[in-house]
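So you can see what is in the structure, the chains are spelled out below.
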There are 2 protein chains.
Amino acid sequence: MAADALNIKALVFDVFGTVVDWHTSVTRHAENFGKANGITADWVDFAESWRAKYRPFMDKVRTGELPWTELDSLHRMGLDELLNDFGITGVSEEAKADLNLAWHRLDPWPDSPPGLTRLKAKFILATMSNGNIALMVDMAKYANLPWDTILGAELAHAYKPDAKTYLTGVELLHLKPEQVMMCAAHQGDLLAAAKQGLRTAFVKRPMERGINGKVDTTPDPSFDFVCNDFRDLATQLGV
Amino acid sequence: MAADALNIKALVFDVFGTVVDWHTSVTRHAENFGKANGITADWVDFAESWRAKYRPFMDKVRTGELPWTELDSLHRMGLDELLNDFGITGVSEEAKADLNLAWHRLDPWPDSPPGLTRLKAKFILATMSNGNIALMVDMAKYANLPWDTILGAELAHAYKPDAKTYLTGVELLHLKPEQVMMCAAHQGDLLAAAKQGLRTAFVKRPMERGINGKVDTTPDPSFDFVCNDFRDLATQLGV
């Protein structure tokens, strides 16, 4: 399908896993936390376990058990549980607060800065992440991500895959859903966006969970574009 | 005062007049509108008169006469009045809608793209404008403005100089007011920001109202920085 025919004006992006490599980065930050505090643990398991708390904590917001709470705070609640799960005690508040900022300091996949920079020449680029604005802005500075603006959960006070997250972003750009393409490595995210009329680009990230992790990279046949990385997407979109 | 001593993390910007030259740009777009529709008028006066409607329409939102209304819509209400004031009739809805987008297509002052690009290497850069997100994003693409994100009135549902506009932006960045510097060509904007604890940089824009317009470029002695343009500000901030 030709990009021009689709009349796409803006590309919006899932970030964790799609644009940045949270698995490797959080593992490294956790290792550094361990060294600095004299703690040994399986830090790959620690990173994976932290990420595994992401959805249940968001669900507490979705179900109303928690009022609107930004992702930094959910990460911190998850971290406090996780330290307990791992039997890690006696860590200073300062060290915990700093470790929580690991999610602000995630390395980009190598193709993300150059691929996104190419895409930016033709399209509006915005995040459509569950990460809050401060997190996204810090990460953009750290990882050199050329967003035009930050959209996503915090502006909608709703977490993906809630329709409101996608539609709030579309409305803030004064665009129609079909003029906006959701780019993500996660099928559920894309299917939820498509349900609201957005276009979809599936980005294969087979290494999202490290060399031993299992990731499904078989695209749903409904996706408008399927790409190996952002350089590939730029080429497919003619930029 | 040394920039490091101030511990500034983010620079937030007034946009109309400070970053872009609305006077020349809106005059040109209005002239083109006149040519396309066979209308003659004093287009400099037209541009100035349109801008003059900005404050009274925002005041309607501030006083509650209007519910929250984004700037694009206020510009359009002003335009409809203005066409009437100028005795211009019989213009198509399409032509009026297009003319209203003049505010999305404002030329940057020549120093803005290179100066802001230098500043972006060290600081978070965000808009702190009364313009809505779609307007600011379109303008950034048109004028090559390297914002990290769009903040300002629409996110606060409050127009500057309301304290809420500045403080909502500061909170969304997870910063303290003294870590954020408001950059503007308008003294009232800076004084309102300073009242909330933000740092201030006064940017002299003597040509904001064209060669015959009167602009006060005498800075209030309380401002932290006074600069001739954004290259100068970058130099003063050591980048």
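Just so we're clear, the structure is a prediction, and the values are computed from it rather than from any experiment. (Residues numbered from 1 in each chain as written. Chains lettered and ligands numbered in written order. Predicted model: local features only at pLDDT ≥ 70, side-chain atom pairs only at ≥ 80, totals over all residues.)

### Things to note about the sheet that holds strand 2 (residues 124–129) of chain A
Residues and elements named next belong to chain A. Spatial ordering of the open sheet is given by 3-2-1-4-5-6, a layout of six strands whose pairing is parallel. Edge positions in the sheet fall to strand 3 (149–152) and strand 6 (225–227), since each has one partner strand and no second. Sheet twist, expressed as the mean angle between neighbouring strand axes with direction ignored, is 25°. Here strand 1 (residues 10–13) pairs with strand 4 (residues 180–184) via four bridges, running parallel. Bridge pairing in strand 4 places Leu11 opposite Met181. (Pairing = 2+ DSSP bridges. Helix = DSSP H or I, 4+ residues; strand = E, 2+ residues; numbered from the N terminus. Axes fitted to C-alpha atoms, helices over the stretch in contact; angles between N-to-C directions.)

### Considering the confidence of the model for chain A
Scored by pLDDT, chain A comes out at a mean of 96, with 98% of its residues at no less than 70. Two summary scores accompany this predicted model of the complex, namely pTM at 0.96 and ipTM at 0.95. (pLDDT = per-residue confidence, 0-100.)

### With respect to the interface of chain A and chain B
Taken together, the contact between chain A and chain B spans 13 residues of the former and 13 residues of the latter. Breaking the side of chain A that touches chain B down by element, the ones donating at least two residues are helix 8 (133–143) and strand 3 of chain A. For the side of chain A that touches chain B, the residue count by class is nine nonpolar, two polar and two charged. (Contact = placed C-beta atoms within 7 Å. Nonpolar A, V, L, I, M, F, W, Y, C, P; charged D, E, K, R; others polar.)

### Quick word on the pairing of strand 1 of chain A
Residue and element names in this part refer to chain A. Residues Ala10 and Val12 line one face of strand 1 and the alternating positions Leu11 and Phe13 line the opposite face, and both faces are buried. Direction of pairing for strand 1 relative to strand 2: parallel, over a ladder of four bridges. Paired with Ala10 across the two strands is Ile124, which belongs to strand 2. (Buried ≥ 20, exposed ≤ 12 C-beta atoms within 10 Å, placed from the backbone.)

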